[in-house]
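Architecture and fold: a report
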Amino acid sequence: MSSFVVALDVGGTSMKGGLVTRSGEIVRTDRRATPRDRGPAAVIATIRSFIDDLATAGGGTPEGVGLAVPGLVTAEAALYSANIGWRDVPATDLVPLDVPVMLGHDVRTGGLAESVLGAGRELSDFLFLPIGTGIAGATILHGEPYGGSAGWGGEIGHIPVFPEGEPCACGQIGCLETYASASAVARRYSTRAASSSGAVSVTAERVATLTASGDPLATEIWGEAVEALSLALASYTLLLDPSAIVLGGGLAEAGTLLSDPLAERLQKRLAFRQAPPLRQAALGMSAGMLGAALLGWRAAGFADAGTTWSLDVLKSPRVP
Ligand SMILES: [Zn+2]
């Protein structure tokens, strides 16, 4: 086959891998469990064998390898991840082949893919906001993700929105994530419902369905999530003037049930300017892997990787 890179999106639960050609064709995708409970050495060994197996499946030596990983990251090393438990792992330790490698922060790498290939394709400056188990953002400036001075940038999920509110797992009070992540919506509904009718356990998807059908408690919890998001996004808008906010992750699957009231509340908070439009992310769960492919091609010396790829890349096989 034609030349390819190996792309890997390393998450806390599973890793998504793929082989992507120079023209953006995704010729193979695969998934493996992240053995987090067996410690960082086991995770590194799994990454190495996954890359090796993907390269072998490609039938040749890849031009490069790109990896999206959580935590504090530079292009050359995974510095720290509370989620995986590693510290100061050089990129070359993650790859069993002597080929160029580039690492990226997981959410920022997804943001890079949305910028080059997805919903931000023709936008210069926007916020990519995946709302899942947690909330982190990728600030895209001039088409590239911006991670701040030390790589801590984009932690919009820990902006305090209700300073007298509920404690967050991070140690602060009233963080956005405590009210508006998919797990927060599910947890807050379950807790409140249980106080009146015994143990209840629901998903955020179920709370969305209940909200759509007019259930009062679900509507209240959903409304608080929207309120929290509108507060954080008003601050982001006033500070950075994005041309759009690209919503992704599990909660964004609710579509207009989330985006319509959020757009309305965001506009109400902004007295003297237009709110940026809200858009749905285009690449779904493949964003991190596609961004890692862009990093792999950049490592191989093709800085313009992706810019000429056809939008058919979006119709390519998704990660299983
Ligand atoms: Zn927090």
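Here is a short report on the structure shown in this document.

Section: the overall build of the chain
Check the secondary structure of the chain and you find ten helices and 13 strands. Computed over the C-alpha atoms, the radius of gyration of the chain is 20 Å, within 12% of the 20 Å expected from 2.2 N^0.38 for a compact globule of 320 residues. Expressed as lengths along the three principal axes of its C-alpha atoms, the size of the chain is roughly 60 × 45 × 35 Å. Evaluated residue by residue, the chain yields a buried proportion of 52% over its 320 residues. Pairs at least 24 residues apart make up 63% of the contacts formed inside the chain by residues separated by at least 6 positions. Of the accessible surface of the chain, which amounts to about 13,800 Å², a share of 54% is contributed by carbon and sulfur atoms. Taking the average location of the 23 positive side-chain charges in the chain and that of its 31 negative ones, the two points are 3 Å from each other.

Concerning the coordination of the zinc ion
Six octahedral donors at a metal ideally form angles of 90 or 180 degrees, and four tetrahedral donors ideally form angles of 109.5 degrees. Protein coordination at the zinc ion: the donors are His158 (ND1), Cys168 (SG), Cys170 (SG) and Cys175 (SG), at 2.0 to 2.4 Å from the metal. Seen from the zinc ion, its four donor atoms lie at angles of 104 to 120°, and the figure they make is tetrahedral. Donor residues for the zinc ion, ordered by position in the chain, follow H-x9-C-x1-C-x4-C. Residue His158 is located in the loop between β11 (144-146) and α4 (176-180), and its partner Cys170 is located in the loop between β11 and α4; the two are separated by twelve residues in the primary sequence.

Remarks on the sheet that holds strand β3 (residues 26-33)
With respect to topology, five strands assemble into an open sheet ordered β3-β2-β1-β4-β8, the strand pairing being mixed. Both outer strands of the open sheet, β3 and β8 (101-105), are each paired with one neighbouring strand and no more. When strand polarity is set aside, the average angle formed by the axes of neighbouring strands in this sheet is 15°. The strands touched by helix α3 (residues 106-116) are β1 (4-10), β4 (64-69) and β8; relative to β8, the strand with the most contacts, the crossing angle is about 100°.

Details of the side chain of Thr139
Relative to the helices and strands, Thr139 resides in strand β10 (residues 138-141). In terms of polar contacts, Thr139 uses its side chain to reach the side chain of Tyr236, at 3.4 Å. Apart from the residues lying within four places of it in its own chain, the contact partners of Thr139 are Phe126, Leu127, Glu144, Pro145, Tyr146, Tyr236 and Leu240.

Some thoughts on the nonpolar core
The biggest cluster of nonpolar side chains holds 40 residues, and the ones touching the most others in it are Leu129, Ile156, Leu176, Tyr189 and Leu247. Of all the secondary structure elements, the ones that give two or more residues to this core are β9 (126-130), α4, α5 (182-197), α6 (204-212), α7 (216-240), β12 (244-248), α8 (249-252) and α9 (256-269). Examining the composition of this core, we find that twelve residues originate from one element, α7, more than from any other.

So, unusual backbone geometry
Even without being a glycine, His142 presents a positive backbone phi close to 50°. Within the secondary structure layout, His142 lies in the loop between β10 and β11. Positive phi values are uncommon outside glycine, yet Asp241 reaches one of about 50°. Summarising the element assignment, Asp241 is placed in the loop between α7 and β12.

Looking at the layout of surface pockets
Estimated volume of the second largest pocket: approximately 310 Å³. Considering the residues around the second largest pocket, the lining is formed by 18 residues, among which Val73, Gly104, His105, Arg108 and Pro145 are closest to the centre. For the lining of the second largest pocket, the elements supplying multiple residues, two or more each, are β8, α3, β11 and α10 (287-299). Counting residues per element, the lining of the second largest pocket draws most heavily on β8, at four residues. Class assignment of the residues belonging to the lining of the second largest pocket gives a composition of eight nonpolar, seven polar and three charged.

A few points about the sheet that holds β11
Spatially, five strands are ordered β11-β10-β9-β12-β13 in an open sheet, and the strand pairing comes out mixed. Each edge of the sheet is formed by a strand with only one pairing partner; in this case those strands are β11 and β13 (278-280). Strand-to-strand twist across the sheet, computed as the mean angle between neighbouring axes with direction ignored, equals 30°. Bridge count for β9 against β10 is three bridges, and the pairing is antiparallel. Within β10, the residue paired with Leu127 across the bridge is Thr139.

Reading guide: rules and limits
Residues numbered from 1 in each chain as written. Predicted model: local features only at pLDDT ≥ 70, side-chain atom pairs only at ≥ 80, totals over all residues. Heavy atoms only, no water. Helix = DSSP H or I, 4+ residues; strand = E, 2+ residues; numbered from the N terminus. Rg over C-alpha atoms; globule rule 2.2 N^0.38 Å. Buried < 20%, exposed > 50% of the residue type's maximum accessible area, 1.4 Å probe, protein only. Contact = heavy atoms within 4.5 Å. Areas by Shrake-Rupley, 256 points an atom, 1.4 Å probe, with all protein chains shown as cover. Lys, Arg positive; Asp, Glu negative; His and termini not counted. Charge placed at Lys NZ, Arg CZ, Asp CG, Glu CD. Donors = N, O, S within 2.8 Å, 3.2 Å for Na, K, Ca; no water. Tetrahedral: all angles 85-135°; square planar, octahedral: opposite > 155°, others 65-115°. Pairing = 2+ DSSP bridges. Axes fitted to C-alpha atoms, helices over the stretch in contact; angles between N-to-C directions. Polar contact = N/O pair within 3.5 Å; in protein donor to acceptor, adjacent residues only side chain to side chain. Core = buried A, V, L, I, M, F, W, Y, C linked by side-chain atoms within 4.5 Å. 1 Å grid on protein atoms, 1.4 Å probe; cavity = no way out; pocket = protein on both sides within 12 Å on 5 of 7 lines; lining within 4 Å. Points joined across faces, edges and corners; volume = space filled by probe spheres on them. Nonpolar A, V, L, I, M, F, W, Y, C, P; charged D, E, K, R; others polar.

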